[in-house]
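# Survey of secondary and tertiary structure
Spelled out from the first residue to the last, the chains are:
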Amino acid sequence: MTKDFHTPTLNTYVAQSEHEIRPTIVVAAFEGWNDAGSAASDAVRLLLEENTFELIATIGEDDFYDYQFSRPKTRRTDQGAVVEWPRTEIFKVTLPQAAADLLVVIGVEPTFKWKNFCAQIVDIAQEHNAQAILTLGALLADVPHTRPVPTSLSSDDVRFQEYFKVDPSDYEGPTGIPSILGIEFQRRQIPCLSLWSQLSHYVAQSPSPRVQLAFIEILEELLPITVADQQLREDALAWKHGVDELAAADPDVAKYVKQLEEATDTSNLPEASGESIAREFERYLRRRGKYRPDGSGTDFEF
């Protein structure tokens, strides 16, 4: 009997319909309030590093940033000092073997004119026939670093809720630029998926390879890409061992971590469901180079 363990992806969603212009999927992450431990932006940068890309747009710097809040940085080169200004850039990743290419939006959360900022990004995305957007964000939370990284995937689009079997977000409160951008895309009839991960608040500094790895694993499930993540896995393991040592050296911190572990284990017991096992098997095949993003290569005889 043949079973298809291929889970729904943005690639297969886009492939369901015909387009005159080759479609794209937007992936967006921003440094700042929405990016605890720089995990979301670092994950998207790693995605870029693993693929050939071209810069197609830069969203105007002086229009959107307060430089006393988002400071420019000075970098020394052979030609002298170079100033790196806060900005947001849009890159195109061409994936000829997939149903869609990627538009990667990476930058710094703006200070001013959020509506205009988002409108410019959506305009550029529509010029490239964007059919969906995936936004990433990371937040600090009361979660132990010793347990799997909590992640959540949601969408306010009914089509995506049915296709990906996800729920709408029930969050109300202060909102970051990923949420505003997603709403602007949806206002123009482009569905949005929102992906969030949680970082232990007592280890909030950057980088956070363990949370970054959690993002990469989900990006590989949703997008027609694979990422060479062996170094990241080693970094995540070393990061965890380092935090273990720091926590063990302070009795109060060790006690607090244990309390978080007990609360997490009580409220969220792990399940070895067929779906979770299948996802882990797909990740294994990707790392072995035997998984193809179009979904082929995931049928098995039993």
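The shown structure was predicted, so the numbers you read here are calculated from the model rather than taken from an experiment.

## Details of the overall build of the protein
Of regular secondary structure, the protein possesses 10 helices and 11 strands. Within the span of the protein, comprising 302 residues, buried residues form 45% of the whole. In the protein, 79% of the contacts between residues at least 6 apart in sequence involve partners at least 24 apart. In the form shown here, the protein has an accessible surface area of approximately 16100 Å², with 51% of it arising from carbon and sulfur atoms.

## Here's the deal with helix H9 (residues 251–267)
Between its first and last C-alpha atoms H9 spans 25 Å; for 17 residues at 1.5 Å apiece the expected length is 24 Å, and the two agree. Considered for burial, the residues of H9 that qualify are Val257, Leu260, Glu261 and Thr264. One side of H9 holds all its buried residues, which, seen down the axis, span an arc of 105 degrees. Across from the buried face of H9, at angles greater than 90 degrees, the exposed residues are Pro251, Asp252, Lys255 and Thr266. In this structure, the buried side of H9 is in contact with helix H8 (230–248). At the N-terminal boundary of H9, the capping side chain belongs to Asp250, with an oxygen 3.0 Å from the backbone nitrogen of Asp252.

## Observations regarding the side chain of Ser155
Its location among the elements puts Ser155 in the loop between strand E9 (151–154) and helix H5 (158–164). Classification of Ser155 as buried rests on a relative accessible area of 3%. Engagement of the side chain of Ser155 in a polar contact is seen with the backbone oxygen of Cys192, the distance being 2.7 Å. When residues no more than four places from it in sequence are discounted, the contact partners of Ser155 are Phe160, Gln161, Val166, Asp167, Pro168, Gln186, Cys192 and Leu193.

## Thoughts on the layout of surface pockets
Here the second largest pocket is characterised by a volume of approximately 650 Å³. Around the second largest pocket, the lining comprises 26 residues; the ones closest to its centre are Ser169, Tyr171, Ser179, Ser194 and Trp196. Elements supplying a minimum of two residues to the lining of the second largest pocket: strand E8 (130–141), E9, helix H6 (177–187) and strand E10 (192–200).

## Considerations on the sheet that holds E10
One open sheet accounts for 7 strands, arranged E3-E6-E7-E2-E8-E10-E9; its pairing is mixed. In this open sheet, the two strands that pair with only one neighbour each are strand E3 (53–59) and E9. When the angles between neighbouring strand axes are averaged without regard to direction, this sheet yields 20 degrees. Across the face of the sheet, helix H4 (residues 114–127) comes into contact with strand E2 (24–31), E3, strand E6 (88–93), strand E7 (101–108) and E8 while running at roughly 145 degrees to E3.

## A short note on the environment of Phe164
As for its placement among the helices and strands, Phe164 is situated in helix H5. For the pair Phe164 and Leu193, spaced 29 residues apart in sequence, the C-alpha to C-alpha distance is 9.4 Å. Ignoring any residue separated from it by four or fewer positions in sequence, one finds Phe164 in contact with Pro8, Thr9, Leu10, Leu193 and Leu222.

## Some thoughts on helix H7 (residues 209–222)
The end-to-end C-alpha separation of H7 is 20 Å, in line with the 20 Å expected for 14 residues at 1.5 Å each. Of all 14 residues that make up H7, 14 are buried, and the element is covered over most of its length.

## A few points about empty space enclosed by the protein
Using the criterion set out here, one finds 1 cavity of 30 Å³ or more in the structure. As a volume, the largest cavity reaches approximately 50 Å³. Lining of the largest cavity is provided by 13 residues; of these, His145, Val149, Gln198, Ser200 and Arg210 occupy positions nearest its centre. Of all the secondary structure elements, the ones that give two or more residues to the lining of the largest cavity are E10 and H7. When residues of the lining of the largest cavity are assigned to their parent elements, the largest contribution, 3 residues, is made by E10. Across the lining of the largest cavity, the residue classes tally to 8 nonpolar, 3 polar and 2 charged.

Reading guide: rules and limits
Residues numbered from 1 in each chain as written. Predicted model: local features only at pLDDT ≥ 70, side-chain atom pairs only at ≥ 80, totals over all residues. Heavy atoms only, no water. Helix = DSSP H or I, 4+ residues; strand = E, 2+ residues; numbered from the N terminus. Buried < 20%, exposed > 50% of the residue type's maximum accessible area, 1.4 Å probe, protein only. Contact = heavy atoms within 4.5 Å. Areas by Shrake-Rupley, 256 points an atom, 1.4 Å probe, with all protein chains shown as cover. Expected span 1.5 Å × (residues − 1). Arc of directions from axis to C-beta. Polar contact = N/O pair within 3.5 Å; in protein donor to acceptor, adjacent residues only side chain to side chain. 1 Å grid on protein atoms, 1.4 Å probe; cavity = no way out; pocket = protein on both sides within 12 Å on 5 of 7 lines; lining within 4 Å. Points joined across faces, edges and corners; volume = space filled by probe spheres on them. Pairing = 2+ DSSP bridges. Axes fitted to C-alpha atoms, helices over the stretch in contact; angles between N-to-C directions. Nonpolar A, V, L, I, M, F, W, Y, C, P; charged D, E, K, R; others polar.

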